[in-house]
Each structure stands twice: as C-alpha cells, then as structure tokens.
Amino acid sequence: MVDRNSSSSSAGSSSIHSLLNAFRIPFGADDYLGFLRFDSINLLSTTRRKKLMLDAVASSKQSKKFQRDASNDAGDYFVEGSESVWYISHFDMKICFIPHRFHYTAEELEPYRKVGDPEMDELLKFIASTKGDKDCGAFDDIIAYSEDAYNKWVEEGKLNKPVNSLVKFYAHYHDNIPDWVDFEQIERGMEVFLAYFPAAGCALIYRSLIGGFSIPKIIQVLKSTRYLTPGNIKDVTSIRRDRKRTMERLLDTTGFLASCFAPIDGAHFSASLRPGGRGWNAALRVRVLHAKVRRSLLQTAKTKNEIGRHSQWNIDEYGVPINQEDMAATLLAFSANTLMGIETLAGVPLSDDEQRDYLALWRYVGWLLGVDTTEDDDLDCDDINTSVKSSNASCSDNPLLPIDPCGPKKLLYDNSATPVDNDSIIHSNATLESMVLHLLHPNEESSELALHLLNVMKDRFGSEKSGFTNELSIRGDISSSSPYRPFSLMYRSKVCRKLLGDALADRLGIPNSTARQCGNIKEFGFHLGLTITVNMFLFISRCYTIIPMIFPRCRKLFIWWHGRLLAKLLTGWQKSHSKRVNDARSMSPDVKSSHCPFSMLMAPKLNDLQGE
C-alpha cells in the first residue's frame, strides 16, 4: 500500500532539492547563497558524461587494465588496447577526449570538409542544365518547382516510370521519412524549445551565434556573401546599412525557427514539420539557399571585392563552402550547445528525456537541411559500411559514413553496443567537442565579427545624447579601454561572457568591466550599476527557467504562452521579409546586382507575382 502523503512529501522534497541545487545552495557545509554563480565551463552534465564515458572505457573488452586518475586534468593517459583517453584544455574547457570510440580526430573530420550537399548540388546542376545559359537565380523557387513536378508525376499516374531529379528529390523528403522519426517525440522536442524559449534564445545568441560564428573557416563564407559581417567603408551611410542588413539576417534566422516551431491553430502540434508543412518547406528552402551560396562561390573563380582586389575560394584551406562538417557544427550549435546554454542559465541540466527529445527534433530538421544522417538505426555492426543507409551520400564508390551529429552514436567498423555508445546525448556532445577542438581557433576576423554582432543593436538602445552613438567611432568605442562605452553594449558583453566563458571572450576581444578599471567614483558607479543589472537579469532568467522544470502545470502554460509569442514573431517576419523580397525583385538590374542574392527563404505570394 502506497502512502500518498509520503509520496507527495518525497516529490515536494525532490523539487525543493532541485531548486536549491540550481541556485548552488550547499547542504550542510558553508552556509552561503550562491545564486549568482553562472559557470558555463564546469557544467554538471559535462561531469556526468565524462564519468559515463570513462566507465564505458574501463569496462570495455579492449581495456583489461584501466586506472582512472580523476585529478588528471591535463595531458593524456593511455588504456591498454586500442583505446586512449586524452585530457585537453581549450579555452578553459576541460575535454575528456576519447578518439575513435566517442570523439572524432582532425584526420577523421577533415574529409567531410570536401563534401557539400551532393543531393541538392546535383539538383541545382540539373535545373541549370534545363535553363541553357542561365543559372539558378536568387528567385528561382526550387522547392516550388519540385512540388509542381511531383504533383504532376502523381496525377499523371507515372508512379512506375522514370522520374527526373525534381521529382526524385521531393519524393525523398515527402514520402520516405526515416525509420527513426517519431513525430510524437518531435512534438516533445518542440515543447522543450517552447518551454525554455527565453533561455534557448539567449543561448542561441550569446553562446551559439557569437561563439560559433567566430570559427575562421566559417567566417570565410560569411565574408564572401557579406552575411552578418561589417563592411569595409566606415562612413555613416554604410555603417547604418551594415547594421540594417545584419538585423535582417538575424530576423531571418528567427523567422526560420518560428516557421518550424510555432504552433498552427487547429492543427496537430507537429503539423509544421510534417511533410508539406510550413516548417518542412522552410527547412528545404534554407537548404536551397545554402546550395546557391555554395554553387556561386565555387563557380566564380575570381570575384572583385570592395577594394578592387581579386580573391579565389581556396578549397584546400577552407574546404567546400558550407560543407558537411560546417553544417553538422551549426546543427549542434542549435541543439547540444543550446542545451548547455539553458543549463548555464538554469544551474542544472534538463532531464535526459527532454535532452533526447530536443536532439531528435534537430536530427530531423538536420535531415531536411541536408546534414547526412542514417535513415535506419538498425545497423549491422559486422559490416556497418554496407548496412548504413545514408540520406545524402558523398559518392557511390567510397562514401563517408554520416556524422549524424544528433543521432545515437558514432558509426564505426567495430561499434560497441553498450548504452553509452548508443546515447544521442553522449554522441552529440562528443561530436561538438571534437569540432570545437578542430575548428574553434579565433583570429582577428573572429573578433571583428563578434564585436559587430554585439554592437548591431546599439542605435536602438544607445542614447543619442550620450555621444556613444557616433557612427564614425563605432569600432573605436567598442575596443576602447575607456569605461565610457554604451551601457547596453557593455550589458550584452557581460551576459555574453557568462555564457561563453572568460577565456574565449577574452580571445574574441569582448569588452569587460571590472572594478580595477575604475579610476574615480563615477566610473565605479557605472561598473556597479552594470554589475547589478546583469546579475538581476541572470537571476530572473534562472528563476524563469527553473519554474517549468519543477512545476508541470507551469510548463504547459509556458509552452502555450511562448507558442503564441513565436506565432506573432512569425507573422511580423513574414510581412517584413515578403516586402524585402518583392522590393528586391522590383530593383533595376544594376541595383539588383549589389543586393544579396541569397535572401529568399519564402516563396513569393502568387498575387505579388501577378501584380508585377
């Protein structure tokens, strides 16, 4: 017989324990309140994953003799057999690196930089061949073409006859959903995003966007397309135009997320991401956008930049533009890295079930975006090379095994069948750590981009009377050692430092404010006010993020409320983006050539086209 009072008391005690743990309130020892401690490096989930991986190595048949040295946080030690464990410190992140079994070495990752999106690249090549001398333009809606061809193919009853590339592509993603897709789990993943929407948004901006887009090899694509990067001319007009364009690109990313995750009134919760849905179409159109960028950079042997020099895309140095490693890293920035950002703000990780649901959601989105994944998780470990059904194989003769960054495991010739080896939480974070070690080596261009992103909303929050909004001294203000920088800029910089960690933030040149910099009482007052404001924001964020973790009813309310907010954001973005697209279409050819040709994410409305 179950004692209901005892059970209720136990549940309440557990909730209180979780809350106290989130605020770093110790039990028994020192009596202090550590609710302002926000550590983005030493996460509880990281410690737990490290223990699970080391235990798996210790119990492996390949390691008969194993002695763990828990205090060994630097250097490496080897395990008898083919497995080795390395402790690597990278921007204060202490990574327990277990190559081949859990992590990818640089030698394993490098071949993926030579592979783009074979399926979409071939489709664009096919469309270009049907247009004669003309290539795929910015306003060629490849997904609409594919849908029309598919519908005609079905209506004409040609199901058993050969199909062209358009029909084949559309049928692949419309009719052949991978075996591992469970739309109930996809719905739960969407609920995770909506339940923790403010924390997820904060993590995406300050941890994933600024941290991830500081990777030098990814920056080369951004520079070539002038995507999110500042221009070279420092006059007032060009700086304002840069800021406006950057904000539009950030809003486009928000619009994509809203298209995928905003609920549709009167429809199934996952209707947006089911075949033919709004988010499903948006993901495929973003994929087309990436393919057009890739094709443009590879086709244009020489391009003329603003200062008259000639540059050529260097495949040997940077790889294929928007390659499989870059796409996998970006997917992990939106999934695993965002989960760590939420944990940083909350103080405790989400439950394992919530994390796996969220990773499953992004695995499906990544499949739509062209990230190579397995389409069947039931693999033959004896011959994994032949049993893998790749969604986007690199070539027919010797295809690379899919990285499948949000999948359950790393694909190996000899893949162990332990629970740890088949856990998407372990695999996604180990893959992210591998790519951080391989790619995250910021340079001066990384710092310039990070500062540009932090400064892009300065006009909206800065005071015109303060003198901080002098357009011609933007970059001087942000890199100056003077404490008299815009309060809003310093506020965003301090929040960014909390989510990135000081080591990486210092390398990126993100401004900091400390008491030691204060030379007088006025400067100290500025620093004190900034510190109080940032800590209040972090404290409120922690409370707001913890509530849906502990109280199920509040979680449902948060999902409903954030869903409505995301739907409103989507409506606003659709209007503004549609106007931008149609304004671009109405430009003269000369003006249109200077307009970014890769901005089309939405299909033009028929009435807009007919009105031209």
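Keep in mind the model is a prediction, meaning the values are calculated, not measured.

Draft legend 1. Representation of the environment of G277 in the model. As for its placement among the helices and strands, G277 is situated in the loop between α10 (236-261) and α11 (278-299). As a C-alpha pair, G277 and S259 span 18 residues in sequence and 9.3 Å in three-dimensional space. Ignoring anything within four residues of it in the chain, the contact list for G277 reads A271 and S272.

Draft legend 2. Molecular detail of the state of the cysteines. Taken as a whole and judged by the stated rule, the model has 0 disulfides. Sulfur of C496: no disulfide; nearest cysteine sulfur belongs to C202 and is 9.2 Å away. The buried category is assigned to C496, whose relative accessible area is 0%.

Draft legend 3. Spotlight on helix α23 (residues 521-550). When the terminal C-alpha atoms of α23 are compared, their 43 Å separation across 30 residues agrees well with the 44 Å that a helix rising 1.5 Å per residue should span. The opening residue of α23, the one whose side-chain oxygen lies 3.1 Å from the backbone nitrogen of K522, is N520.

Draft legend 4. Region of the structure containing the environment of L508. One can find L508 in the loop between α22 (502-507) and α23. Considering only alpha carbons, one finds L508 and S447, 61 residues apart in sequence, at a separation of 4.3 Å. If we ignore the near neighbours within four places in the chain, the residues touching L508 are I210, S214, P442, S446, S447, A450, L451 and L500.

Draft legend 5. A look at the confidence of the model for the chain. The predicted model of the chain has a mean per-residue pLDDT of 77, with 70% of residues at 70 or higher. Across the chain, element-level confidence peaks in helix α15 (residues 352-369) with a mean pLDDT of 97 and bottoms out in helix α26 (residues 606-610) with 33. Ignoring residues within four places in sequence, the model shows residues 23-33, a span with pLDDT below 50, making 15 contacts including any to other chains. Scored below 50 in pLDDT, residues 301-310 makes 13 contacts in the model with residues more than four places away or belonging to other chains.

Draft legend 6. The arrangement of unusual backbone geometry in detail. In the Ramachandran plot, H100 falls in the positive-phi region, its phi being about 75 degrees despite a non-glycine side chain. Along the chain, the position of H100 falls in the loop between β3 (93-97) and α3 (106-109).

Draft legend 7. Inspection of a nonpolar patch on the surface at higher detail. Taken together, I521, F524, L528, I532, M536 and I540 make up a surface patch of nonpolar side chains, about 600 Å² in accessible area. Structurally, L528 can be placed in helix α23.

Draft legend 8. Local environment of the pattern of salt bridges. Enumeration according to the criterion identifies 16 salt bridges in this entry. Among the salt bridges present, the one from R555 reaches E354, with a minimum N-O distance of 3.0 Å. Taken together, the residues R555 in helix α24 (residues 552-585) and E354 in helix α15 connect sequence positions 201 residues apart. Overlapping salt bridges, with partners in common, bring together R113, E325 and D326 in one network.

Draft legend 9. Structural detail: the pairing of β3. Pairing geometry for strand β2 (residues 84-90) and β3, over 5 bridges, is antiparallel. Pairing of I88 across the sheet is with I95, part of β3. Hairpin remark: β2 followed by β3, antiparallel, with 2 residues in the connecting loop; positive phi at F91, about 50 degrees.

Draft legend 10. Structural view of the packing of helix α14 (residues 336-346) against helix α17 (residues 424-439). At a closest axis distance of 9 Å, the pairing of α14 and α17 adopts a crossing angle of 100 degrees. Between α14 and α17, the crossing angle belongs to the class labelled roughly perpendicular. Mapping the contact onto sequence places A336, N337 and M340 in α14 and S428, N429 and L432 in α17. Here the residues of the contact of α14 with α17 sort into 3 nonpolar, 3 polar and no charged.

Draft legend 11. Highlighting the packing of helix α8 (residues 197-212) against helix α18 (residues 444-455). Contact geometry for α8 and α18: axes closest at 9 Å, N-to-C directions at 150 degrees. In terms of orientation, α8 lies roughly antiparallel with respect to α18. By crossing handedness, the relation of α8 to α18 is classed as right-handed. The segment α8 lies against α18, with Y206, L209 and I210 engaging A450, L453 and L454. The residue inventory of the contact of α8 with α18, partitioned by class, reads 6 nonpolar, no polar and no charged.

Draft legend 12. The arrangement of the packing of aromatic side chains in detail. This model, assessed by the stated rule, comprises 16 aromatic pairs. Ring-pair connections join several aromatic residues into one group, and the members of that group are F169, Y173, F183, Y364 and W367. R274 extends its terminal NZ or CZ atom over the ring of F183, reaching a point 4.4 Å from the ring centre. Above the ring of F38, the side-chain terminus of R542 is found at 4.0 Å from the ring centroid.

The rules behind each value
- Residues numbered from 1 in each chain as written.
- Predicted model: local features only at pLDDT ≥ 70, side-chain atom pairs only at ≥ 80, totals over all residues.
- Heavy atoms only, no water.
- Helix = DSSP H or I, 4+ residues; strand = E, 2+ residues; numbered from the N terminus.
- Contact = heavy atoms within 4.5 Å.
- Disulfide = S-S within 2.5 Å.
- Buried < 20%, exposed > 50% of the residue type's maximum accessible area, 1.4 Å probe, protein only.
- Expected span 1.5 Å × (residues − 1).
- Polar contact = N/O pair within 3.5 Å; in protein donor to acceptor, adjacent residues only side chain to side chain.
- pLDDT = per-residue confidence, 0-100.
- Patch = residues over 30% accessible without salt bridge, like charges linked within 9 Å, V, L, I, M, F, W, Y side chains within 5 Å.
- Areas by Shrake-Rupley, 256 points an atom, 1.4 Å probe, with all protein chains shown as cover.
- Salt bridge = Lys/Arg side-chain N within 4 Å of Asp/Glu carboxyl O.
- Pairing = 2+ DSSP bridges.
- Axes fitted to C-alpha atoms, helices over the stretch in contact; angles between N-to-C directions.
- Parallel < 35°, antiparallel > 145°, perpendicular 65-115°, else oblique.
- Nonpolar A, V, L, I, M, F, W, Y, C, P; charged D, E, K, R; others polar.
- Left-handed = near helix turned anticlockwise from the far one by under 90°.
- Phe/Tyr/Trp six-rings, centres within 6.5 Å; stacked < 30°, edge-to-face > 60°.
- Lys NZ or Arg CZ within 6 Å of the ring centre and 35° of its normal.

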